[in-house]
Every structure is written in structure tokens, then in C-alpha cells.
Amino acid sequence: MRTLWTYARTNVERTALILAAIVILLAIFGAWLAPFDPTQIDFRARLQAPSWEHLLGTDGSGRDVLSRLLHGAQITILSTLAVLSVVVVFGCAVGMFSAFVGGPIDNMLMRLADVWLGFPPLILALGFASALGASLEAAIWALIFSWWPNYARLTRMVTVDILSRKFIASADALGVPTHAKVTRYVIPNAFDVLIVQVTLDISAIMLAISGLSFIGVGAQIPMPEWGAMIADGRSYVANGWWIVLAPGLMIFLTAFSFNVIGDMLRRELDPTSRRRQP
Amino acid sequence: MTEALFAMDDVTVALRSNGRKMVTGVGLSVKPGEAFGVVGESGSGKTLLTRTVFGLQDDAELVSGRVRFDGQLLPEQGYARAARKLLGGRIGFVPQDPFSSLNPTMRVGKQITEALYLARGMPMGAQRTKARAIEVLGEVGIPEPELAFNQFPDQFSGGMRQRIVFAIALAQEPKLLIADEPTTALDAITQRRVIELMLGRCRSHGMALILISHNLELLRQSVDRIAVLYGGQLHNITHADDIGSRTVHPYTEALFECIPSKEKTLADIRAIPGEPVGAGFGTKGCAFASRCRYAEPICRETQLPLNGDQPGRFSACLLGRGADA
Amino acid sequence: MSGHPIVSLKGVAKTFGKRLLVQNRSFALSDIDITVGRGEVVGILGESGSGKSTVANIVTRLTGFDAGTYLFDGADVSAFDKKEGFRFKSRVQIVFQDPYGSLNPRATVAASIMEGLVLHRPEMDKATRRARVAQLLDEVGLPADCGDRYPHEFSGGQRQRIAIARALAVEPELLVLDEPLSSLDVSIQAQVLELFVKLIGERDLTIIFISHDVNVVRLICDRVYVMHQGRIVEEGSAEDVLTHPRNAYTERLLAAVY
């Protein structure tokens, strides 16, 4: 944590770090802080402007926006983490395997990843939504399915680069077994590149989940997912601007901070800026 | 004593970003037709100094000193631009890397004729320009220069490419040629040929040569005088013949003892203890004092400036070693 | 101790496959005969592209070969089973040219040096290993406290010393030095050269010294093989070959050297 802080060079980066910390804290403790039940409908209190009782007002069904926002932090962050962890573990495993075996298998796996990347996540999500029913789980599965090749390709590239370095020859000369090469040589040296990508992807995946929810193939109302909240609040923009603004701002600020942090990490950890081409 | 063709006096080079002085108080002069060597280990500042003096280094600048070429003092205002203007005309420059200093998409002949146009400012007729280019290619020892004229750089080996770079520099008939480690990328046999080619040109056309190298033995056998840089300071200007036979500056002596040359046995090799000090190390004393076997406490405090156009041997050693000429 | 030469290459050849329009002819080897006796310091001298580094990789079994035989201490390495192959790695070690690339940047110096001990001397306890590392650091002329630091904190010369300590940790019988001085500063080259001379004097080592530097080879090698375009063009005692060459290429090379 302290190292992260020392990396920050500009006030924007310091702000991003603080914001990211707040979002993470909200994801952990937000549910306890929420003053109301986020799904409690109260038609007598619908579309109330921000007040001392409802700090961020209420939505079209009279639900407290602040409470929804706080619960939503957890949902958004958890689903992002779910996607990321599966994608990183699976993608990195495929990429590393591909780099180690090389030859035709390597070629085949990478072509597969290329073809896979050709499927737009939106179409996949629609497919999953029709199979599993439109839900947050469907959106998560769709993202997992469409995102792993990014990591497979990145990890393969980084691993191939590491395997060509002289210290690997030196390890071979000592007879270091493959599993030890992976744990002691490849993973520690690939870590910097991967952590940068992961940080940048936090915001990308978060946006994707919210986006899918917004168009109706992800989280469904009344679940307080931020994207779904915007979708739900759309129809009230004229007389309830706060309903859209609050989750919109949260999405924007969270995505923005993780993006800034990702760029900062890339600058600090990876001076040569080896990175996957988009 | 002949008038110096090129001289720098009390030149100090600092980084633009933080003003850190990387090379301090260097003064040396090169006579017309002289082969002059500059030796230094990595971090000695030899490349930074040369590149800055000739306006090629964007991140460093001259913060003090005067540079004179062919009787003309380079202006303080717009120094880099004025210096760069000399390059490619009266001063030729051969960089270290023969692979990146040629345009891979342009025929060799075209690159030479272009240099000729630029140098003369006025075209001298396509036929004569081409003839001159082929002549220069022949002079640097390219076999079948007529054929080479129409070929692309990647059709040549490293050594041949370095000759082409050399030919481009020579096409303008420079009075001074600067070569910065021109042979580090080449094998020993090609290295010798390229160096001898440059020296030959020096002798036959009265062109002065500044040869920058980390290889003291190469310089000792090739050039007339050698300037020795260490830690961003100029420590010694010595006749090449004096190295190994007469007292020179302690660093020059120590550096020479490190090199396993033909005449030496294992017992003659003596390593310098410690690590080289980088340029811009930032103390006031002699940069070499920490590794010098003769060093006395005073050496860490003060440094003799080595300056100007004094003839012959010259040493910055405070203890007077190598300064007895 | 056996009477076999430690390394015996006979008629070894290696070609590199054509890769779509690119033919890597310069590093191909043909008909390499090299014999290295125990305790010898043998130089392999050649320009870049002569194939000398490929020889280093074949001798250390980092790469295979297409034809010929390689007997290590009398045993055919092609017939090695897994166990023998692994044991081979503790009997032969290599130090590479580039000290910046040959150490794992994410491992401490002590971990790098210890790695071979952990693999090949599993019976050794932690304290003994630590003591060995300290002893090796001292032997290569590094302060004992640098074990906990990372390679980037060291200069090129110091890193090369670390790489040498790492190679020596498993007590190899044969040490292959692949251009170990070429990327170092002149004054540091002499320091590392002195270290080699010291190691040759103090340890029971056989050394294959691969270099393009005629003068260094002449100073520290007993015998020398001169390589040119993937072939051995001349061999003999280093002093003899490098003062009175019989081969035209060797002669040209010697004439060119400063």
C-alpha cells in the first residue's frame, strides 16, 4: 500500500488511489452503512429529491438511492473480481502452457485465442442470457468466456520473452525442473506486466458488466447493480436526475481511478512498456 | 606550432533536465591532419562530450567553454545548431552503429550523392556527382563500386556498411572526421581494415581524425595523441608512443596495465581495484583518486584543470605524474 | 579419477533449420573434434558467427547436435537416462557473456547461488547452505552481506562474479566460460581475469574458455581451438598457435588484433 502511494506523482494519481481505496472499503462495508433496505419499495416516497432523510433521493419505486449505491458497490466489485480471477488464472495457465510447449500446439492455441477474441462479448452475453435467462450470472459467464484469450495471449507473449532470456539458459544448465522454472522464474518476472493489465481491466470489466446490465442482459432490477440502476432510472431523467447521476458518477469515478492506477503502475513497474497490442 | 584545426577550451557539459555537470573543464586541440584518440570506459563521458560539442545530444548542453573550428569561434547563442551545421560539411561523423545509420530504403549511391548535394549546396551535374560517389566508394575499399552504387544497404555486411557510412562522410571532403567507437560492432579483421582506412585517409588527404574508443591499445597503435577521460574529467593528453614507455598519468598507466596486449604476460596485467566512477559523480577532487595507487589525501580535494593548447604530453595529475614534458 | 578425457567431441555437426526464407548458416557447425583433458584450460577462439557459442551450448547440453558423438568422461551423453542427465548438470556449469541477463532479476543473490545446492545437494541443511554461499561470495571477491540483495543493485563486474559463484556452487568438474569478459569495462575485465587465474590456481577445475579475444586466450589457456565459419581451422598449444599460426585465417586474425 505504501509503495503504491510512493508511485503516485501527480494529484490525479493520488486522488485515484484515494477513490479506489474508498470504493474497495465501500464494497466491503457498504452494506452495513446503508440506511435503508436497497430493495424496499415505497410508492409513497417515490422520486424524492435528495434530502436529509434520503441523502441521494429515491428512485422511481421509492427505493433509497444511497442504500442501493452502497450495496451496488459490493455487487459490482465482487462480480468484477469473479470475472477477473477466473480469467486471469485460466488465461495465464493457457498462455504459459502454450509458451512452454511451443511448436504446433502453441500455434493452434494462439489461433484459437485469436478466433475467440473475434466474438463480441455482447453477442456472447445475449447467447448466455437466452440460455440462462438474463441475469448477473449470465453477464459474468459471458465476460469470462470472452475475456480469457486476452490473458492467454499476453501471458504467452511475456513468457516467450522471459524464456528467451539468458537466466533461463542458466537455469537449464543447473537442471531446474519446469515447475520450479514457472514458480521461480516465469511468474515473478511476468508479475509486473500482468498486474498492470489486471488493474486496467478492473475498470474495463466493471464497465462491461454495467454496460450489459444497462442494456438488459445482465443484472435485473431490483438488484442494485450500478448499470441496472442507470437503466432503471433512464425514464425518470426529467424529474429524477439524481437516480441516474449517482450510479453514473460512481461507475465513472471507479473506472477512472483504476485506469489511472493501471497507467501509473505501467509507468512505474514496466519502463519498457511491453504490452499487448489492442 | 601549427594552428589548431579544432579546439575546445574549458568545456563543461551539463544535462538539460537537472543541470548536473557530466563532463567538466575539458580542453584539447587537434591539429590539421592529426589522428587524435579519445579513450574512456563506459560512463567516462566521452560520447556525451563529443555528441554535445557537435550538437547531436538533445538532453545535454554546453554550460561553459569555447569551441573553435577552423579559426572560427562557435557562438554561445544557438550553439547546438551552429555546431550541427558544421557536420556533414567540413566535419564528418561516423557513428557507432553501421546498421542504423544508413537509410535502408534508399540506394547506397543516392545516399552519397545526396550528401554531396548537401555539402556543396549547389549541384555539380548528375554525371559528375555520380562519378564522384563511385570514386569515394572505391576509395573506402568497396569492391565493384559501380555495382554497389545501385544496391541497398542491407545487401552489405556490417564492415561494408561501416565503409559506406565512412564513404558518405568522406564524400564531402571533411577537414575533420569524428568516429565514435566505429568498430565495436565489427570483428577483429574488419575492425583493423576500417581503422586503417580512416588513418590512411588522414595521412593521404591531411584530414584530421578524432577516434573515440574504449580500447586504449587500439588507439595507442593507431593515433598520434590520446586524450584520456575518466569520470567526466579529462586527465591526460599524451603522445601515443609514451604509453607504456614513459611516465603518464596514473589512470592512463593503470588502464594500460589492464589490457592483455600481444607483448604482455599474465604477470604484466594489473587490474584497477574498485568500480569505475560515472560521469557527473559530483565531487571536487580527482575522479580517479578513489582507485589510484598513488593517491594522497589532497587528490580528493582538488583537481588540476587540464586545458588549452599546450603542446605534447599533458597530465592533470596533482602529484605531477606524467606532466614532466 | 578416470583416465578418460572429460570432453570428447568427434565429428559433431549441427545445422539450423531453414525458417521461411531465413537460413541461419553462420552458426551451423560441421565436423567438430574437440578433446579436453582433466585440469586443462582450453580456449575456443573465434569471431562472432564462428559457431563457438554453439559449441558451448552443445558441451553443456543446452542444445543438441545432428551428427557425431559426444563422450563426457567416457560416457556417451546421447545415452544418458534422466538421472544421469540431471547429474551431468552438476558436473558441468556455464557462465554467460551478459551478466545483466544471466541472473534472475527476481531472485536474491543468495537464492541464485543456492539454487544449484538445493537441487543437487538436497541432503545439505539450510545452515550449511548459507555457509557455502558466504564462502563462495568470499571466493569470488564479494562482501558476505550482499546475499540478500537483488542483481540490479550490482555492477556488471559484480554480477559476473555472482554468476561465477552460482556456477561454482555445485562444485562442477568442468566450467564453460562463454565470452565472460566481453561485456565488461576494460578495468573490470582485468579484475575478472584475475579472478579466473586465481580460481584456476586454487581449484581442481577444467575450463573451456570461449572468446574472441586472442590476447586473453593466449594468456590463460593451455590449448586453443580456432574456429571459423563453423569449423575448427587450427588447434594446438595456445602459445604456439597464437604466436606461430599455420592456418591462413588464424594468421589474418592475429595480424588484425591490436
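Higher on the page you've got the structure.
The structure displayed is predicted, hence computed values, not measured ones.

Rules behind the numbers
- Residues numbered from 1 in each chain as written.
- Chains lettered and ligands numbered in written order.
- Predicted model: local features only at pLDDT ≥ 70, side-chain atom pairs only at ≥ 80, totals over all residues.
- Heavy atoms only, no water.
- Helix = DSSP H or I, 4+ residues; strand = E, 2+ residues; numbered from the N terminus.
- Rg over C-alpha atoms; globule rule 2.2 N^0.38 Å.
- Buried < 20%, exposed > 50% of the residue type's maximum accessible area, 1.4 Å probe, protein only.
- Contact = heavy atoms within 4.5 Å.
- Lys, Arg positive; Asp, Glu negative; His and termini not counted.
- Charge placed at Lys NZ, Arg CZ, Asp CG, Glu CD.
- Pairing = 2+ DSSP bridges.
- Expected span 1.5 Å × (residues − 1).
- Salt bridge = Lys/Arg side-chain N within 4 Å of Asp/Glu carboxyl O.
- Polar contact = N/O pair within 3.5 Å; in protein donor to acceptor, adjacent residues only side chain to side chain.
- Axes fitted to C-alpha atoms, helices over the stretch in contact; angles between N-to-C directions.
- Core = buried A, V, L, I, M, F, W, Y, C linked by side-chain atoms within 4.5 Å.
- Domains from an automatic or database assignment.

## Notes on the overall build of chain C
Alright, step 1. From N to C terminus, chain C includes 9 helices and 10 strands.
Alright, step 2. Against the compact-globule benchmark of 18 Å for 258 residues, chain C has a radius of gyration of 18 Å, which places it among compact chains.
Alright, step 3. In chain C, which comprises 258 residues, the share counted as buried stands at 57%.
Alright, step 4. Across chain C, contacts joining residues at least 24 apart in sequence account for 70% of those joining residues at least 6 apart.
Alright, step 5. Side-chain charges in chain C split into 30 positive and 33 negative, and the spacing between the mean points of these groups amounts to 6 Å.

## Here we look at the pairing of strand β2 (residues 21–30) of chain B
Residue and element names in this part refer to chain B.
Alright, step 1. Burial analysis of β2 places 8 of its 10 residues in the buried class, which makes it a mostly covered element.
Alright, step 2. One ladder, built from 6 bridges, connects strand β1 (residues 6–15) with β2; its direction is antiparallel. Bridging across to β2, Phe6 finds its partner in Val30.
Alright, step 3. Joining the antiparallel neighbours β1 and β2 is a turn of 5 residues, in which Gly19 adopts a positive phi near 70°.

## Topic: helix α2 (residues 11–33) of chain A
All names here are of chain A.
Alright, step 1. An ideal rise of 1.5 Å per residue puts 33 Å on 23 residues; α2 reaches only 28 Å between its terminal C-alpha atoms.
Alright, step 2. Buried residues of α2: Glu13, Ala16, Leu17, Ala20, Val23, Leu26, Ala27 and Gly30, and no others.
Alright, step 3. On its buried face, α2 sits against α1 (2–7), α3 (65–101) and α10 (241–269).

## Considerations on the pattern of salt bridges
Residues and elements named next belong to chain B.
Alright, step 1. Summed over the entire model, instances satisfying the criterion amount to 43 salt bridges over all chains.
Alright, step 2. Residue Glu34 pairs with Arg225 through a salt bridge whose shortest N-O separation is 2.6 Å. Placement of Glu34 in the loop between β2 and β3 (35–39) and of Arg225 in strand β9 (residues 225–230) is noted, with a sequence separation of 191 residues between them. The pair formed by Glu34 and Arg225 is uniform in burial state, with each residue classed as buried.
Alright, step 3. Through salt bridges with shared partners, a single ionic network connects Arg132, Glu135, Glu139, Glu173 and Arg201.

## Observations concerning the interface of chain C and chain A
Alright, step 1. The interface is formed by 19 residues belonging to chain C together with 17 residues belonging to chain A.
Alright, step 2. Taken together, the links from chain C to chain A amount to 2 salt bridges.
Alright, step 3. Two residues, Glu115 of chain C and Arg184 of chain A, come together in a salt bridge whose shortest N-O distance is 3.0 Å.
Alright, step 4. Summed over the shared surface of chain C and chain A, the result is 11 residue pairs in polar contact (both at pLDDT 80 or more).
Alright, step 5. Mapped onto the side of chain C that touches chain A, the elements with two or more residues apiece are α2 (82–91), β6 (92–95) and α3 (109–120) of chain C.
Alright, step 6. With 4 residues, the top contributor of residues to the side of chain C that touches chain A is α3 of chain C.

## Description of the sheet that holds strand β2 (residues 29–36) of chain C
All names here are of chain C.
Alright, step 1. With antiparallel pairing, the 4 strands of this open sheet are ordered in space as β2-β1-β4-β5. One side of each edge strand has no neighbouring strand; the edge strands of this open sheet are β2 and β5 (75–76).
Alright, step 2. Both strand β4 (residues 67–72) and β5 contribute to a ladder of 2 bridges, which runs antiparallel. Across the sheet, the residue bridging to Phe72 is Ala75, located in β5.
Alright, step 3. Helix-sheet contacts for helix α1 (residues 52–59) involve β1 (7–14), β2 and β4, and the interaxial angle to β1 is about 120°.

## Structural notes on the sheet that holds strand β8 (residues 206–211) of chain C
All names here are of chain C.
Alright, step 1. Reading across from one edge, β6-β7-β8-β3-β9-β10 is the order of the 6 strands in this open sheet, with mixed pairing throughout. Every interior strand has two partners, whereas the edge strands, β6 and β10 (231–237), have only one. Across the sheet, the mean angle separating the axes of adjacent strands is 15° when strand polarity is ignored.
Alright, step 2. The pairing of strand β7 (residues 174–178) with β8 spans 5 bridges and is parallel. In the sheet register, Leu175 faces β8, and the bridge partner there is Ile207.
Alright, step 3. Across the sheet, helix α9 (residues 248–256) is in contact with β3 (41–45), β9 (223–228) and β10; its angle to β9 comes to roughly 100°.

## Side note on the nonpolar core
Alright, step 1. In this structure, Leu137 and Ile226 of chain B together with Ile113, Ile164 and Phe209 of chain C are the most contacted members of the largest nonpolar core, which totals 122 residues.
Alright, step 2. Taken domain by domain, the makeup of this core includes at least three residues from each of domain 1 (6–212) and domain 2 (229–320) of chain B.
Alright, step 3. The residues touching Ile164 of chain C, leaving out its near neighbours within four places in the chain, are Val95, Val140, Val192, Leu195, Phe196 and Leu199 of chain C.
Alright, step 4. Counting 60 residues, the second-largest nonpolar core is a separate cluster that includes Tyr185, Leu194, Ile209 and Ile261 of chain A.

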